[in-house]
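Each chain, written out:
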2 protein chains.
Amino acid sequence: MTTNCKAREVVGRIGSKWAIYVISSLDEHTMRFGDLKKTIDGISQRMLTVTLRSLERDGLIRRTVYPVVPPRVEYALTPLGRTLLEVVSTMVHWTDEHMAEIGAAQSAYDSRPEPEPIEQ
Amino acid sequence: MTTNCKAREVVGRIGSKWAIYVISSLDEHTMRFGDLKKTIDGISQRMLTVTLRSLERDGLIRRTVYPVVPPRVEYALTPLGRTLLEVVSTMVHWTDEHMAEIGAAQSAYDSRPEPEPIEQ
DNA sequence: CGGAATCCGATCTGATACTG
DNA sequence: CAGTATCAGATCGGATTCCG
């Protein structure tokens, strides 16, 4: 594999379960922190913060702070993030389409007979 | 997000840095354990084993053991895995294409000035 | 509202040693 | 060759508390 280590790290970050859904959520419009938290079911405040920071650092989303009280922070896809969105959407879509098949495969795998213990 | 928790787990497994490259590696032909280890640079034996097991459980790859000495084990994509391959290739390709941009964004982020400490 | 900081158990991962 | 078993260090991730 010619791919170097840095590319792998990026793939890992992008492919992480939360990042994918953050990117997807920003498809149509910018969102505030609270909006994202409500939209992405089950994400903790901490993980949302961490995920947003890493996506911002990779140049995939832009964070805009409005100096008002109470604070207002909006997240939006950058042009780069928007090119990624297509890839990510495909992935989410593929998963939704094949969840049943995957679940069946898991059940089959889990109910497979144990290999016979070695006779002495 | 209407996506349930199980779908997120699947996305996370598929998107994990090693799984993506295992799937990609099986594009053209079946491969043996050692081949995969050599192809996927930097993967430890343990992580390759763990990754292969999880992909097998999800029905994405098929593991074939030939009862010979020394053992011969071949891994191949299932039809389901083959449909995923397209998605995964797109992702790897996107990352390769945009590594420079991402690196630049990271540098810019990391060299950003610290926010001024609060004056008392 | 949108975090940051801390604590801490759970999980991941690599290294190493061993095996059919 | 293709693993399994085990252990220790690293990282993840939730809960909680506090802040501008």
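Just above, that's the structure.
In this report, the structure presented in the accompanying data block is examined. Given the structure is predicted, the values throughout are model-derived calculations rather than measurements. (Residues numbered from 1 in each chain as written. Chains lettered and ligands numbered in written order. Predicted model: local features only at pLDDT ≥ 70, side-chain atom pairs only at ≥ 80, totals over all residues. Heavy atoms only, no water.)

## Details of the interface of chain A and chain B
Right, so step 1: The interface of chain A with chain B comprises 43 residues on the first partner and 43 residues on the second.
Right, so step 2: In this assembly, chain A and chain B are joined by four salt bridges.
Right, so step 3: A salt bridge links Arg57(A) to Asp110(B), with the nearest nitrogen and oxygen atoms 2.3 Å apart.
Right, so step 4: At the junction of chain A and chain B, the tally comes to 12 residue pairs in polar contact (both at pLDDT 80 or more).
Right, so step 5: Going through the elements one at a time, α1 (5-15), α2 (17-25), α4 (45-57) and α5 (79-110) of chain A are the ones with two or more residues in the side of chain A that touches chain B.
Right, so step 6: Per-class residue counts for the side of chain A that touches chain B are 19 nonpolar, 11 polar and 13 charged. (Contact = heavy atoms within 4.5 Å. Salt bridge = Lys/Arg side-chain N within 4 Å of Asp/Glu carboxyl O. Polar contact = N/O pair within 3.5 Å; in protein donor to acceptor, adjacent residues only side chain to side chain. Helix = DSSP H or I, 4+ residues; strand = E, 2+ residues; numbered from the N terminus. Nonpolar A, V, L, I, M, F, W, Y, C, P; charged D, E, K, R; others polar.)

## Remarks on the sheet that holds strand β2 (residues 61-66) of chain A
Residue and element names in this part refer to chain A.
Right, so step 1: Pairing is antiparallel across the open sheet formed by three strands, whose spatial order is β1-β3-β2. For this open sheet the edge positions go to β1 (31-32) and β2, each flanked by a neighbour on one side alone.
Right, so step 2: When β2 meets strand β3 (residues 72-77), the two strands line up antiparallel, connected through six bridges. Following the sheet pairing, Arg62 is matched in β3 by Ala76.
Right, so step 3: Against the sheet, α4 touches β2 and β3, its axis set at about 115° to β2. (Pairing = 2+ DSSP bridges. Axes fitted to C-alpha atoms, helices over the stretch in contact; angles between N-to-C directions.)

## Re the protein's contact with DNA strand D
Right, so step 1: The immediate surroundings of DNA strand D are formed by 16 residues, with Ser44(A), Arg32(B), Gln45(B), Arg63(B) and Tyr75(B) found nearest.
Right, so step 2: When atoms of DNA strand D within 4 Å of the protein are sorted by moiety, sugar and phosphate together comprise 56%.
Right, so step 3: Between Arg46(A) and DNA strand D, the recorded distance is 3.1 Å, taken from a side-chain N or O atom to a base nitrogen.
Right, so step 4: In the model, a base oxygen of DNA strand D is placed 3.5 Å from a nitrogen or oxygen of the Arg46(B) side chain.
Right, so step 5: Of all the secondary-structure elements, those providing two or more residues to the surface near DNA strand D are α4 of chain A together with α3 (33-39), α4 (45-57) and β3 (72-77) of chain B. (Near = heavy atom within 4 Å.)

## Section: the relation of the copies chain A and chain B
Right, so step 1: When chain A is fitted to chain B, the best match, at an RMSD of 0.1 Å, comes from turning it 180° and sliding it 0.0 Å along the axis. Here the symmetry operator amounts to a two-fold rotation axis. The position closest to the rotation axis in chain A is occupied by the C-alpha of Gly15(A), lying 1.9 Å away.
Right, so step 2: Here 100% of the interface residues in chain A have copies in chain B that are interface residues too; the copies meet face to matching face. (Least-squares fit on C-alpha atoms with pLDDT ≥ 70 in both.)

## Some points on the packing of α2(A) against helix α1 (residues 5-15) of chain B
Right, so step 1: Contact geometry of α2(A) with α1(B) gives a least axis separation of 8 Å together with a crossing angle of 110°. Put simply, α2(A) runs roughly perpendicular to α1(B). Facing Lys17(A), Trp18(A), Ile20(A) and Tyr21(A) of α2(A), the residues of α1(B) in contact are Ala7(B), Arg8(B), Val11(B) and Gly12(B).
Right, so step 2: In the contact of α2(A) with α1(B), the residues fall into five nonpolar, one polar and two charged. (Parallel < 35°, antiparallel > 145°, perpendicular 65-115°, else oblique.)

## Points about the pairing of β3(A)
Residue and element names in this part refer to chain A.
Right, so step 1: Among the six residues in β3, five count as buried, and that is most of the element.
Right, so step 2: Of the pairings in the sheet, the one linking β1 to β3 comprises two bridges and is antiparallel in character. Following the sheet pairing, Arg32 is matched in β3 by Glu74.
Right, so step 3: Joining the antiparallel neighbours β2 and β3 is a turn of five residues. (Buried < 20%, exposed > 50% of the residue type's maximum accessible area, 1.4 Å probe, protein only.)

## Quick notes on the environment of Ile23(A)
All names here are of chain A.
Right, so step 1: Mapped onto the elements of the fold, Ile23 is located in helix α2.
Right, so step 2: Classification of Ile23 as buried rests on a relative accessible area of 2%.
Right, so step 3: Spatially, the C-alpha atom of Ile23 lies 8.7 Å from that of Leu55, the residues being 32 residues apart in sequence.
Right, so step 4: Setting aside anything within four residues of it in sequence, one finds Ile23 in contact with Leu55, Leu60, Leu77, Leu84, Leu85 and Val88.

## Let's talk about the sheet that holds strand β2 (residues 61-66) of chain B
Right, so step 1: Read from one edge to the other, the open sheet built from three strands follows the order β1-β3-β2 (chain B), with strand pairing classed as antiparallel. Here the strands that pair on one side only, and so sit at the sheet edges, are β1 (31-32) and β2 of chain B.

## Points about the environment of Arg112(A)
Right, so step 1: Structurally, the position occupied by Arg112(A) is in the segment after α5.
Right, so step 2: For Arg112(A), a relative accessible area of 44% translates into the label partly exposed.
Right, so step 3: Considering only alpha carbons, one finds Arg112(A) and Ile40(A), 72 residues apart in sequence, at a separation of 35 Å.
Right, so step 4: Here the side chain of Arg112(A) touches Glu56(B) through a polar contact of 3.3 Å, side chain to side chain.

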